[in-house]
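Here are the chains, one letter per residue:
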Amino acid sequence: MSLHSSDMEGKNQPVSVSSDDGKVEEGQTYDAINKKSERSYVRKLDFYLLPFLSLMYFFNSVDRSNLGNAETDGLSKDLHFKGNEYSLLILLFYVPFGLCDLPLNLLTKLFSGKIMLPTLMFAWGSLALIQCAAKNFAGLLVIRLLLGTCEAGFFAGVVFYLTLFYTRGELGFRLAIFFGSALLAAAFSGLISYGVFQINNPHVQGWKWLFIIEGGLTVLVALIAYFWLPGTPENAWFLNAEEKLAAKARSLRDGSKTVESEFSLKQAFATWKGWKFYVWCIICFTYPVAFSTTSNFLPQIVARLGYSTIKTNLWTVAPNAVGFLVLLAVSKSSDHFRERTFHIIFALCLSLIGMIILATIDVLSNKGVAYFACFLMAAGAYTPSVLVHSWHNNNNLEENSRAANTGLLVGLGNLAGILSAATFRKEYAPVYKPTLIATSCCNAVCICFVLFMGIWMKRENARRNRQQGIVLKAEDVNTDMLADGEKSEQWRYFT
């Protein structure tokens, strides 16, 4: 990839990439950027940025889902819960967790991920630790509502943040590594619970130690994040000048039509009038129900097998570990083939089969089959969170719009967790058939709409190729040449 000087007038022209394999123009002459600089840039992102963000999300998931582990150690009994108060704790958490994603993600665009992401983490980590001081249902509920408010916006913020660093063809697998830390978190929380719950202390129950240890570690990582995370590639402390230039060229070649655009509410909501936006809303409201059912209630589902509290937490480790490997494999394949539609449908079908099995068999008489179904649930429930948000961001080249859309769509997914929590009621134990049926229906609806959107995009690409008498794919056109987005003549959907 080579660079050339431009005859553009003025020194503050927006950066653009020509059709000649990514030539960068900014009213000044740059030295040639070779493949070595680009590989070095990606390597540094994968070494410095991605692992640290994954660590942050690891604790985000731990602090959100450890309530399930705490429940197996007698949380409800110690705090004198009545009726469905445990399910209500989980259900109400999703209200601020879903409603606050959009405004917090717009703030991430305005103030940068360097400021917002560590601030959110410090706040939720402090609240997660304070949970150990709760004396009753009301006290824990207030803390959980504040926790949901602070945790909202983190996943959406990181999805948007990573689109500023990685290209469209790299985003899926990197999000999988990042999101996969949630699976490892579930396994880690199960292991920590296994050890902590064996502590015999008459004054501090095991579930309190769980909140203290995991919340304290979250606060520590948040403090480090203030110094570690860059705002943009331009001010990343671990990049040299050539790598920063390569970052700008890469983004314009396969990511955005402009880089570091000014914050604009008009641009943020520009796509909300189109019909495709509402299809995305349906997809993003239905796929996360399986994720919520799996992440919040897997310990209770495994407990149906009839094992002790310690073994129940230990047996949640393997399904989540296998789910992590499946997530990486499917996402890597999706990036390699630059195909999202059928990879998402494959994952949705896996979790759907697992839930149907659990809803229809006698678990105690078929423990092996039931445990295998837990593997299917974990393998399929997490992958759509990565590929769906990669997909709609792949087809959105405007930074403000990506921030707003990702915030709203992730928020809708978080609100969908209410459906899972509302149907996971005490009177439905131990089968929880209404929960499994409702979640299965959501998966089926999501499969239909993903299939519709994917086929429509593929057919629209084929129509444009026929009409123009050429064969173009999304990766064949530099994104800086698509100033009018989908109205641009050379636009092709990333399907």
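Residues numbered from 1 in each chain as written. Predicted model: local features only at pLDDT ≥ 70, side-chain atom pairs only at ≥ 80, totals over all residues. Heavy atoms only, no water.

**Examining the overall build of the protein chain**
- Each helix and strand in the protein chain was counted, giving 20 helices and 2 strands.
- Taken along the three principal axes of its C-alpha coordinates, the protein chain extends 75 × 45 × 40 Å.
- In the protein chain, buried positions account for 60% of the 495 residues.
- Counted over contacts in the protein chain with a minimum sequence separation of 6, partners at least 24 positions apart contribute 81%.
- Of the roughly 19,400 Å² of accessible surface on the protein chain, a fraction of 64% belongs to carbon and sulfur atoms. (Helix = DSSP H or I, 4+ residues; strand = E, 2+ residues; numbered from the N terminus. Buried < 20%, exposed > 50% of the residue type's maximum accessible area, 1.4 Å probe, protein only. Contact = heavy atoms within 4.5 Å. Areas by Shrake-Rupley, 256 points an atom, 1.4 Å probe, with all protein chains shown as cover.)

**Structural notes on the nonpolar core**
- With 135 residues, the main nonpolar core has Leu49, Leu53, Met56, Leu162 and Phe178 as its most contacted residues.
- At 14 residues, helix H1 (residues 35–71) tops the list of elements feeding residues into this core.
- For Met56, the residues in contact, after removing those within four places along its chain, are Leu117, Pro118, Met121, Trp124, Phe154, Val221, Ala225 and Leu229. (Core = buried A, V, L, I, M, F, W, Y, C linked by side-chain atoms within 4.5 Å.)

**Observations concerning the pattern of salt bridges**
- A full pass over the atoms with the stated rule returns 17 salt bridges.
- Residue Lys35 is joined to Glu38 by a salt bridge in which the shortest nitrogen-to-oxygen separation is 3.9 Å. With Lys35 and Glu38 both in helix H1, this residue pair falls 3 residues apart, about one helical turn.
- Overall, the relative accessible area of 40% leaves Lys35 in the partly exposed class. (Salt bridge = Lys/Arg side-chain N within 4 Å of Asp/Glu carboxyl O.)

**A few points about the packing of aromatic side chains**
- Within this structure, the stated rule accounts for 34 aromatic pairs.
- For the ring pair Phe179 and Phe291, a centre distance of 5.6 Å and an interplane angle of 45° mean the geometry is tilted. With Phe179 in helix H8 (residues 168–196) and Phe291 in helix H13 (residues 288–303), the pair connects residues that are 112 residues apart, well separated along the chain.
- Since its relative accessible area comes to 2%, Phe179 is described here as buried.
- You can call Phe291 buried: its relative accessible area is 13%.
- The rings of Tyr57, Trp124, Phe154, Phe155, Phe178, Phe179, Phe291 and Tyr382 are connected pair by pair, giving a single aromatic cluster.
- For the cation-ring pair, Lys332 lies above Phe173, with the distance from its terminal atom to the ring centre recorded as 4.8 Å. (Phe/Tyr/Trp six-rings, centres within 6.5 Å; stacked < 30°, edge-to-face > 60°. Lys NZ or Arg CZ within 6 Å of the ring centre and 35° of its normal.)

**Considerations on the environment of Tyr287**
- Along the chain, the position of Tyr287 falls in the loop between helix H12 (275–286) and H13.
- Judged by relative accessible area, Tyr287 falls into the buried class, the value being 4%.
- Spatially, the C-alpha atom of Tyr287 lies 9.7 Å from that of Ile344, the residues being 57 residues apart in sequence.
- Every residue in contact with Tyr287, bar those within four places of it in the chain, is listed here: Leu348, Pro384, Ser385, Val388, His389, Asn443 and Cys446.

**What about helix H20 (residues 433–468)?**
- Between the first and last C-alpha of H20 there are 53 Å, a value that for 36 residues agrees with the 52 Å anticipated at 1.5 Å per step.
- One or two residues past the end of H20 sits Gly469, with phi positive at roughly 70°. (Expected span 1.5 Å × (residues − 1).)

**Quick look at the environment of Leu75**
- Residue placement: Leu75 occurs in helix H2 (residues 75–78).
- Relative accessible area serves as the criterion here: at 0%, Leu75 is assigned to the buried category.
- A C-alpha to C-alpha distance of 44 Å links Leu75 and Met453, two positions 378 residues apart in sequence.
- Contacts of Leu75, omitting those with residues within four sequence positions, involve Leu67, Ala70, Leu140 and Trp207.

**Regarding the packing of helix H4 (residues 101–111) against helix H19 (residues 399–423)**
- Close contact between H4 and H19 brings their axes to 8 Å; oriented N to C, the two are set at 150°. Between H4 and H19, the angle is such that the two are roughly antiparallel. In the packing of H4 onto H19, the handedness of the crossing is right-handed. Touching Asp101, Leu102, Asn105, Leu106 and Lys109 of H4 are Glu399, Asn400, Ala403, Ala404, Thr406, Gly407, Leu408, Val410, Gly411 and Asn414, all from H19. (Axes fitted to C-alpha atoms, helices over the stretch in contact; angles between N-to-C directions. Parallel < 35°, antiparallel > 145°, perpendicular 65-115°, else oblique. Left-handed = near helix turned anticlockwise from the far one by under 90°.)

**Quick look at the packing of helix H15 (residues 317–337) against helix H17 (residues 367–381)**
- It is at 8 Å that the axes of H15 and H17 come closest, and there the two elements cross at 40°. In terms of orientation, H15 lies oblique with respect to H17. Read as a crossing pair, H15 and H17 show a hand that is right-handed. Taken together, the residues of H17 that come into contact with H15 (itself represented by Ala318, Pro319, Asn320, Val322, Gly323 and Val326) are Tyr371, Cys374, Phe375, Ala378 and Ala379.
- Partitioned by chemical class, the residues of the contact of H15 with H17 number 9 nonpolar, 2 polar and no charged. (Nonpolar A, V, L, I, M, F, W, Y, C, P; charged D, E, K, R; others polar.)

**Overview of the state of the cysteines**
- Applying the stated criterion to the full structure yields 0 disulfides.
- Cys281 forms no disulfide, and the closest cysteine sulfur to it belongs to Cys284, at a distance of 7.2 Å. (Disulfide = S-S within 2.5 Å.)

**Focus: the environment of Leu325**
- Mapped onto the elements of the fold, Leu325 is located in helix H15.
- For Leu325, a relative accessible area of 55% gives the class exposed.
- In sequence terms Leu325 and Ala379 are 54 residues apart; their C-alpha atoms lie 8.1 Å from each other.

**Some remarks on a nonpolar patch on the surface**
- Among the surface-exposed residues, Leu107, Leu110, Phe111, Ile115, Phe263, Leu265 and Phe269 lie close enough to one another that they form a single nonpolar patch of about 580 Å² accessible area.
- Sorting elements by how many residues they give to the nonpolar patch places H4 first, with 3 residues.
- Looking at where Leu110 falls in the secondary structure, it is placed in helix H4.
- According to the relative accessible area criterion, Leu110 is partly exposed, its value standing at 43%. (Patch = residues over 30% accessible without salt bridge, like charges linked within 9 Å, V, L, I, M, F, W, Y side chains within 5 Å.)

**Details of the confidence of the model for the protein chain**
- Per-residue pLDDT for the protein chain averages 87, and the proportion of residues at 70 or more is 92%.
- When the criterion is pLDDT under 50, residues 1–32 qualifies, and its contacts beyond four places in sequence or with other chains add up to 64 contacts. (pLDDT = per-residue confidence, 0-100.)

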